[in-house]
Amino acid sequence: MLARGRRGYQTSAKALNYCVELVQERDVERYLCNLSAPAAVRPALFALHAFNLETARVRSSTREPQIARMRFVWWRSTVTAALRGEPPDNPVAQALAGAAAGGGLTGRFFHQMLEAREDDVDTTQPADRAELLRYCERTAGSLLHLSLEARAREWESGPRFAESG
């Protein structure tokens, strides 16, 4: 199965399967939620949630802060390339490219997530409530925005909700 976006980038079944399996293994709640999403939106949601998992584990994957920072530099350039439809040979990057090919994913939200995750390298705990809320906005909030952008494509092509009044 290939997922094709409007700009023509095709995500391989292997890349999509990697994302699905990663989310299923490490974030069961999002996996189950993604299964209830419309089929056309699922590849983008799995790509976004796999990206979240991959970047969230950078800090714990090494004891060396400089190595973690280098990984975030790689992710920044990878996201930029994926949004252009030119991902490196990485299944999450390829799935992101397919999601971005459908249009409407804002690069700023990816970069906010990466900045917040990189700030994690030096911070063990937020200093206060305001810092915690800022962190949540930049990580979970950005992920939610991206998920809604992916979902909006399906909403725009589907039936409209009745106006309430």
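Look up a bit, the structure's there.
As a convention, each chain's residues are numbered from 1 in the sequence order in which they are written. Given that this is a predicted model, residues contribute local features only at a pLDDT of at least 70 and side-chain atom pairs are listed and counted only at 80 or more, while totals for whole chains, interfaces and linings are drawn from all residues. Excluding hydrogens and water, the side-chain figures rest on all heavy atoms present in the structure.

Quick look at the overall build of the chain
Then comes step 1: Counting its regular elements, the chain contains 7 helices and 2 strands.
Then comes step 2: Sequence-ordered secondary structure for the chain, helices as α and strands as β, is β-β-α-α-α-α-α-α-α.
Then comes step 3: Excluding contacts between residues fewer than 6 apart, the proportion of contacts in the chain whose partners are at least 24 apart in sequence is 65%. Going along the chain from the N terminus, every DSSP run of H or I of four or more residues is numbered as a helix, and every run of E of two or more is numbered as a strand. By the convention used here, residues are in contact when the closest approach between their heavy atoms is within 4.5 Å.

A few points about the packing of helix H4 (residues 65-83) against helix H6 (residues 107-119)
Then comes step 1: Axis definition: a line fitted to C-alpha atoms, limited for helices to the stretch in contact. Angles are taken between N-to-C directions and run from 0 to 180 degrees. It is the contact of H4 with H6, at a shortest axis distance of 10 Å, that shows an interaxial angle of 175°. The orientation of H4 with respect to H6, classified from their angle, is roughly antiparallel. Residues Arg 69, Phe 72, Trp 75, Arg 76, Val 79, Thr 80 and Leu 83 of H4 form the contact with H6, whose participating residues are Gly 107, Phe 110, His 111, Leu 114, Glu 115, Arg 117 and Glu 118.
Then comes step 2: For this classification, Asp, Glu, Lys and Arg are treated as charged, while Ala, Val, Leu, Ile, Met, Phe, Trp, Tyr, Cys and Pro are nonpolar and the rest, including Gly, are polar. Classifying every residue of the contact of H4 with H6 by side-chain character gives 6 nonpolar, 3 polar and 5 charged. Angle categories: roughly parallel below 35 degrees, roughly antiparallel above 145, roughly perpendicular from 65 to 115, and oblique for all the rest.

Concerning the nonpolar core
Then comes step 1: Here, nonpolar core means buried Ala, Val, Leu, Ile, Met, Phe, Trp, Tyr and Cys residues that are tied together by side-chain atoms lying within 4.5 Å of each other. Only protein chains enter the calculation, and the probe is 1.4 Å; a residue is then buried if its accessible area is under 20% of its type maximum, exposed if over 50%, and partly exposed in between. Counting residues in each nonpolar core, the largest one holds 33 residues, and the members touching the most others are Leu 48, Phe 51, Val 92, Leu 96, Leu 105, Phe 110 and Leu 146.
Then comes step 2: When residues of this core are traced back to their parent elements, those giving at least two are helix H1 (13-26), helix H3 (42-56), H4, helix H5 (91-101), H6 and helix H7 (129-157).
Then comes step 3: For this core, the element with the most residues is H3, which contributes 7 residues.
Then comes step 4: Other than its neighbours up to four places away in sequence, Phe 110 contacts Leu 48, Phe 51, Val 79, Leu 83, Leu 96, Leu 105 and Leu 146.

Let's talk about the pattern of salt bridges
Then comes step 1: Just to be clear on terms, a salt bridge is a Lys or Arg side-chain nitrogen sitting within 4 Å of an Asp or Glu carboxyl oxygen. For the structure shown, the criterion picks out 6 salt bridges.
Then comes step 2: Glu 86 is the partner of Arg 84 in a salt bridge, and the nearest nitrogen-oxygen pair spans 3.2 Å.

A look at the side chain of Thr 78
Then comes step 1: The residue Thr 78 is located in helix H4 in this model.
Then comes step 2: A distance of 2.8 Å separates a polar atom in the side chain of Thr 78 from the backbone oxygen of Trp 74.
Then comes step 3: Look past the residues within four positions of Thr 78 in its chain and what remains in contact with it is Pro 88 and Ala 93. Any pair of N or O atoms that falls within 3.5 Å is considered a polar contact. Within protein, one atom must be able to donate a hydrogen and the other to accept it, and sequence-neighbouring residues count only if both atoms are side-chain atoms.

What to know about H3
Then comes step 1: Multiplying 1.5 Å by the residue count of a helix minus one yields the expected span of that helix. In this model H3 runs 21 Å from its N-terminal to its C-terminal C-alpha over 15 residues, within 8% of the 21 Å that 1.5 Å per residue would give.
Then comes step 2: Buried residues dominate H3, accounting for 13 of its 15 residues.

A word on a nonpolar patch on the surface
Then comes step 1: Residues enter patches when they are more than 30% accessible in relative terms and free of salt bridges; like-charged ones are connected within 9 Å and nonpolar ones (Val, Leu, Ile, Met, Phe, Trp, Tyr) within 5 Å. Accessible surface is estimated by sampling points in the Shrake-Rupley manner with a 1.4 Å probe; for residues, cover comes only from the protein chains shown. Taken together, the side chains of Val 28, Leu 32 and Leu 35 define a hydrophobic patch exposed on the protein surface, amounting to about 250 Å² of accessible area.
Then comes step 2: With respect to the helices, strands and loops of the structure, Leu 32 is situated in helix H2 (residues 28-36).

Focus on the packing of aromatic side chains
Then comes step 1: Here is the rule: rings of Phe, Tyr and Trp (six-membered ring for Trp) pair when centre to centre is within 6.5 Å. Planes less than 30 degrees apart are stacked, more than 60 are edge-to-face, and the remainder are tilted. All chains considered together, the criterion is met by 4 aromatic pairs.
Then comes step 2: Between Phe 51 and Trp 75 the ring centres are 5.4 Å apart and the planes differ by 75°, which places this aromatic pair in the edge-to-face class. Linking Phe 51 in helix H3 with Trp 75 in helix H4, this pair joins segments that are 24 residues apart in sequence.
Then comes step 3: Here Trp 75 falls in the buried class, since its relative accessible area comes to 5%.

Details of the environment of Phe 110
Then comes step 1: The topology assignment puts Phe 110 in helix H6.
Then comes step 2: Note on Phe 110: relative accessible area 1%, which makes it buried.
Then comes step 3: For the pair Phe 110 and His 145, spaced 35 residues apart in sequence, the C-alpha separation works out to 9.8 Å.

Describing H4
Then comes step 1: For H4, which comprises 19 residues, the first-to-last C-alpha distance of 27 Å matches the rise-based estimate of 27 Å (1.5 Å per residue) to within 8%.
Then comes step 2: Turning to H4, its buried residues number three or more, namely Ala 68, Phe 72, Trp 75, Thr 78, Val 79, Ala 81 and Ala 82.
Then comes step 3: Close packing links the buried residues of H4 with H3, H5 and H6.
Then comes step 4: Backbone geometry just after H4 places Gly 85 at a positive phi near 85°.

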